[in-house]
Amino acid sequence: GNLDIIAKEESFSGQAYFDDNPNYDINDTSVTLPYTSARIRTKGKFSFKYGRVDVRAQLPAGLGMWPAFWMLPEEWVYGGWPLSGEIDIMEAANLNTDRAFPILGTLQYGSTWPNYVPKGGDYESSSRYHEEFHLYTIEWEADEMRWFVDGHHYHTQRSEGWYNYIWQGQDEGFGVANPRAPFDQEFHLIINAAVGGGLPGAPDT
C-alpha cells in the first residue's frame, strides 16, 4: 500500500531539459549523472485550483537527500518559472545529519530569475521524520494558504503578500497581473526525492 521512491548510486544518461521545456527531446542522452531517483507528477491527469492536500510520508535521510511534495501550474499562464508560481507543500534536506533542515513550506513567485521571491516558513519538532510517517498538509484558498505538519499549523501566506510581476506590453511595461496571481490558476502535484542540488549540497558516500 505504499509508494517507494528509491534513489540509487548509478551512472545514467538522459535528457538535458524537463519535459515542459520546448527543447525537451525524449531521445536525448546528453547529460550523465551519478544517481537515479524519481519525479512523479499528475500533469495532464489531475490538476485543481483551491482545496486541501495531505501527504503521509516517511522521508529519506542522509547528506544530499532532498525529498519534496510540491505543485506547479498546469499551464504557464503568466510565463515560465517562477512567473506562474510554485507551491511547496513540504521540503526537507539532509535529515538525520548535522546539516539537517527543518520541514519547509514555501511559495515561489515574483519576477524572472534572479529577481524572484522564495517566501515560506519552517517547522521544527523532536520528530524523526526519516523513521516515522507524518502528515504534511496545505489548505489553499483564493486569498490564503496554510501549512501544517500532523495537524499543527505553522505558516500562513495571504494574497496581499504574493504577486506576479510580468511584462504587459510596450505601452504598459512591467506590472502586477492581478491581485491573486499567480496562485489563481490550476496546479498539478509533484512528489520526488532529489539527490544533491542547491539546498542540500552534494551527497556523501
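See the structure printed just above.
A few points on the structure. (Residues numbered from 1 in each chain as written. Predicted model: local features only at pLDDT ≥ 70, side-chain atom pairs only at ≥ 80, totals over all residues. Heavy atoms only, no water.)

## Considerations on the nonpolar core
(1) Moving on: Judged by nonpolar contacts, the single largest core of 28 residues is most densely connected at Leu59, Ile87, Ile103, Tyr136, Met145 and Phe183.
(2) Moving on: Listed by contribution, the elements that provide at least two residues to this core are strand S5 (51-57), strand S6 (65-73), strand S7 (86-91), strand S8 (103-110), strand S10 (134-141), strand S11 (144-149) and strand S15 (187-195). (Core = buried A, V, L, I, M, F, W, Y, C linked by side-chain atoms within 4.5 Å. Buried < 20%, exposed > 50% of the residue type's maximum accessible area, 1.4 Å probe, protein only. Helix = DSSP H or I, 4+ residues; strand = E, 2+ residues; numbered from the N terminus.)

## Section: a nonpolar patch on the surface
(1) Moving on: A contiguous nonpolar patch, built from Tyr163, Tyr165, Trp167, Phe174 and Val176 and spanning about 510 Å² of accessible area, is present on the exposed surface.
(2) Moving on: With respect to the helices and strands, tyrosine 163 occurs in the loop between strand S12 (152-158) and strand S13 (165-167).
(3) Moving on: Classification of tyrosine 163 by relative accessible area gives partly exposed; the value is 31%. (Patch = residues over 30% accessible without salt bridge, like charges linked within 9 Å, V, L, I, M, F, W, Y side chains within 5 Å. Areas by Shrake-Rupley, 256 points an atom, 1.4 Å probe, with all protein chains shown as cover. Salt bridge = Lys/Arg side-chain N within 4 Å of Asp/Glu carboxyl O.)

## Focus on unusual backbone geometry
(1) Moving on: The amide bond that connects tryptophan 81 to the next residue, proline 82, takes the cis arrangement and shows omega of 0°.
(2) Moving on: Positive phi, close to 60°, is recorded for asparagine 94, a residue that is not glycine.
(3) Moving on: Looking at the element boundaries, asparagine 94 is found in the loop between S7 and S8.
(4) Moving on: Since its relative accessible area comes to 1%, asparagine 94 is described here as buried.
(5) Moving on: Despite not being glycine, aspartate 150 shows a phi value in the positive range, around 50°.
(6) Moving on: Structurally, aspartate 150 can be placed in the loop between S11 and S12.
(7) Moving on: Judged by relative accessible area, which is 37%, aspartate 150 ranks as partly exposed.

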